[in-house]
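Observations on the model geometry
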Amino acid sequence: HLSDNTIKDVSDSSSAKIAIHFHIFYIDLIDEIYEYLANIKNHFTLIITVVNEKDYQVLSNFFKLHQHSYDLKIIIVQNRGRDIYPFYLALHNSYKDYDIIAHFHTKRSFHTDYGEKWRKYLFNNLIGKKCLFDNIINYFCRNQNVGFVTTPIVPINAIISSYYDFIENIDENKSNIINTLNVFGVPSDLVNSNKFGLDFPCGNMFIARSEAIKQFFSVNLTENDFPEEQGQLSGTLQHYVELIWNYVVKYNNYLYKEIIRK
């Protein structure tokens, strides 16, 4: 595990090309997101996906009124695949243009009583204070074998609950991981009784080297690969993608790392 205060030398002139994807389903969180983005010093391209024209107009007007230095793209997508299919659509044709890609979304998990805590835990450990995100980018630049940085599955009940749900259904999830890796053309050799691990970005927010997750963007997915939104809690492609990142990263010969702020 990394600690943010062990990564100190922030570069003012990072040459890394960075894209941050934010799937904003809950438009009322834009003020919160804007404040988190203000913590980032490095230049980046912000790609926002929304699910309707009304939200597109709200965000367009918001960013006209609020100062920002990052490049901005806002894209309307169908409400399919939660944050996963929008992430794919946002970068499917352009992921090769970026060295580092970050993925965030407006997680609320209304089926729980800890959705707000869960989202803020994820935000706080990746973009939650000045230069934290920039330090992580510098860590990528100094460690070319690192491909993925996310948060550990601790310490709030939201994370622990979902983690235990995973463990209770471990045989089923192992099968689903294998099937999902096959969708993206990644061999499932790492998924066996000896090497099978439980590391995954619980909540699906992370920062990754584009080369380390390239298979996700290079396949051809359509809206029909994802079910119509009915509040599903499991059993869909978007749920299983969350479980495969570690294996995709390792298949590409990169390291999967976790960071938590002290």
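Coordinates for the structure precede this section.
Below is a short write-up of the structure. (Residues numbered from 1 in each chain as written. Predicted model: local features only at pLDDT ≥ 70, side-chain atom pairs only at ≥ 80, totals over all residues. Heavy atoms only, no water.)

Quick notes on the packing of helix H1 (residues 30–37) against helix H2 (residues 53–65)
The line we're drawing: To obtain an axis, a line is fitted to C-alpha atoms, over the contacting stretch when the element is a helix, and the angle between two such axes runs from 0 to 180 degrees between their N-to-C directions. By definition, any uninterrupted DSSP run of H or I lasting at least four residues is a helix, any uninterrupted run of E lasting at least two residues is a strand, and each is numbered from the N terminus. Roughly parallel refers to an angle under 35 degrees, roughly antiparallel to one over 145, roughly perpendicular to one between 65 and 115, and oblique to any angle outside these ranges. The hand of a helix crossing depends on one turn: near helix anticlockwise from the far one by less than a right angle means left-handed, and clockwise means right-handed. Contacts are assigned to residue pairs with any non-hydrogen atoms lying within 4.5 Å of each other. Three classes are used: nonpolar for Ala, Val, Leu, Ile, Met, Phe, Trp, Tyr, Cys and Pro, charged for Asp, Glu, Lys and Arg, and polar for all others, with Gly counted as polar.
With their axes 12 Å apart at the nearest point, H1 and H2 run at an angle of 45° to one another. Viewed along their axes, H1 and H2 adopt a mutual orientation that is oblique. Handedness of the crossing formed by H1 with H2: right-handed. Judged by residue contacts, Ile-30, Asp-31 and Tyr-34 of H1 engage Leu-59, Phe-62 and Phe-63 from H2. Split into classes, the residues belonging to the contact of H1 with H2 amount to five nonpolar, no polar and one charged.

A word on the sheet that holds strand S5 (residues 146–150)
We count it as follows: A pair of strands is labelled paired if DSSP reports no fewer than 2 bridges between them.
Taken together, the seven strands give an open sheet; going across it, the order is S3-S2-S1-S4-S6-S5-S7, and neighbouring strands pair in mixed fashion. Among the strands making up the open sheet, the edge pair consists of strand S3 (71–76) and strand S7 (255–258). Along the sheet, successive strands turn relative to each other by an average axial angle of 20°, direction set aside. As defined by bridge partners, strand S4 (residues 100–105) adjoins strand S6 (residues 206–209) across four bridges and the pair is classed as antiparallel. Bridging across to S6, Ile-101 finds its partner in Ala-208. Sitting on the sheet, helix H3 (residues 84–91) touches strand S1 (18–23), strand S2 (45–50), S3, S4 and S6, and the angle it makes with S1 is about 145°.

Things to note about unusual backbone geometry
This is how it is decided: Residue exposure (1.4 Å probe, protein chains only): buried if accessible area is under 20% of the type maximum, exposed if over 50%, otherwise partly exposed.
Backbone geometry at Cys-131 places phi at a positive 70°, although glycine is not the residue there. Take Cys-131: it is sitting in the loop between helix H4 (115–127) and helix H5 (132–142). The phi angle at Asn-204 is positive, at roughly 60°, despite the residue not being glycine. Summarising the element assignment, Asn-204 is placed in the loop between helix H7 (170–183) and S6. Asn-204 sits in the buried class, given a relative accessible area of 3%.

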